[in-house]
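An overview of the molecular structure
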Amino acid sequence: MRLYYEIALRSFRRATVYRSSYVAGILTNAFFGVLRSFMYIGLYGAGGAVAGFSLRDAISYTWVTQALISIGAGWVFSRELMQSIRTGDVVTDLSRPWNFYGYWLSQSLGERCFNLLVRGALTYLIGVLYFGAAVPGAAQWLGFAAAIALALVLSFAFSFIVNMSAFWLLDTSGVTMVANIMLSFFSGFLLPLAFFPAPLAALARALPFQAITAVPAQIFLGQVSGAALGQALLLQLGWAAALVLLGLLMLRAAMRKVVVQGG
């Protein structure tokens, strides 16, 4: 475990170098957060609630999801593995004395933890200061921390599966585009799932993407608590196990392919 801890730590430190990139990311998140906040202000102009969301709930949800971009809740943004497969550098990684999946998971966790602490936290702070986004009570933070930990694993597991497609496809842009559309829409990133028509909401809840974005956001806002909180975390855990297993099966098949092609 010490090896993977050191990999994650170095990935965390490496992320601190790209300061201008994080500033640009925060400004971009803030821009879309402001845009969507004003949209909700217009929608709620007559007062009341929509699908159980008050104006403050909707604005807070907007800024939470913008902050969660930092852990990959909006789209697949980690393509280093895909690039290493294209260049052939992946062969070197596969031959090193470590667990290949563990290496990439550790690297992802280190970088995304820095993203969350800097880009995510500062993005949400803008929502709090300028739009009155809700600040959760102490009781909600523990559940949110557990949900974020599972969402980090889920986000990586989904990204790993998309990246692994490069072993079988000459051009992965189509797969990446479809994956991004499905993640951003069915995760509840663009709109809360409660705003969806019933059939579409049922489909979204049957897919793993809500466990990456909607579930942590609802826990953060206090919309999920008690027994429902336990069920939500179990849902995340179940999907995490399923996606990790699928990724490992793809890795096993890919390693056979590398050997057959002349490794």
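The sections below set out a description of the structure shown in this document. (Residues numbered from 1 in each chain as written. Predicted model: local features only at pLDDT ≥ 70, side-chain atom pairs only at ≥ 80, totals over all residues. Heavy atoms only, no water.)

Looking only at helix α4 (residues 80–87), the buried set comprises L81, M82, S84 and I85. Projected down its long axis, α4 carries its buried residues within an arc of 160 degrees, all on one side. Turned more than 90 degrees off the buried face of α4, the exposed positions are R86 and T87. Taken from the residues just after α4, G88 is the one with a positive phi, measuring 90 degrees. (Buried < 20%, exposed > 50% of the residue type's maximum accessible area, 1.4 Å probe, protein only. Helix = DSSP H or I, 4+ residues; strand = E, 2+ residues; numbered from the N terminus. Arc of directions from axis to C-beta.)

Between its first and last C-alpha atoms helix α6 (residues 100–131) spans 44 Å; for 32 residues at 1.5 Å apiece the expected length is 46 Å, and the two agree. Where α6 bends most, at L116, the angle is about 35 degrees. Near the N-terminus of α6, the side chain that reaches the backbone nitrogen of Y101, with its oxygen 3.1 Å away, is that of N99. Just downstream of α6 lies G132, where phi reads positive at about 70 degrees. (Expected span 1.5 Å × (residues − 1). Bend = angle between axes of the 7 residues up to and from the residue. Polar contact = N/O pair within 3.5 Å; in protein donor to acceptor, adjacent residues only side chain to side chain.)

With that settled, the discussion passes to the environment of S60. Relative to the helices and strands, S60 resides in helix α3 (residues 55–67). For S60, a relative accessible area of 1% gives the class buried. For the pair S60 and S155, spaced 95 residues apart in sequence, the C-alpha separation works out to 22 Å. Excluding its chain neighbours within four sequence positions, the residues that come into contact with S60 are Y124, A133, A134 and L221. A distance of 2.8 Å separates a polar side-chain atom of S60 from the backbone nitrogen of A134. (Contact = heavy atoms within 4.5 Å.)

Looking now at the environment of F185. Here F185 is to be found in helix α8 (residues 173–186). Judged by relative accessible area, which is 30%, F185 ranks as partly exposed. The spatial distance from the C-alpha of F185 to the C-alpha of I148 is 19 Å, given a sequence separation of 37 residues. Excluding residues within four positions of it along the chain, F185 makes contact with L190, F196 and L200.

Even without a glycine there, the phi angle at A51 is positive, about 55 degrees. Turning to its location among the elements, A51 is positioned in the loop between α2 (19–43) and α3.

Core analysis: the largest hydrophobic core is formed by 68 residues, its most contacted members being L81, Y124, F158, F160 and M164. No other element matches the 13 residues that helix α7 (residues 138–164) contributes to this core. Sequence-distant contacts of L81, that is, excluding residues within four places in its chain, are made with V90, F100, W104, F160, N163 and M164. (Core = buried A, V, L, I, M, F, W, Y, C linked by side-chain atoms within 4.5 Å.)

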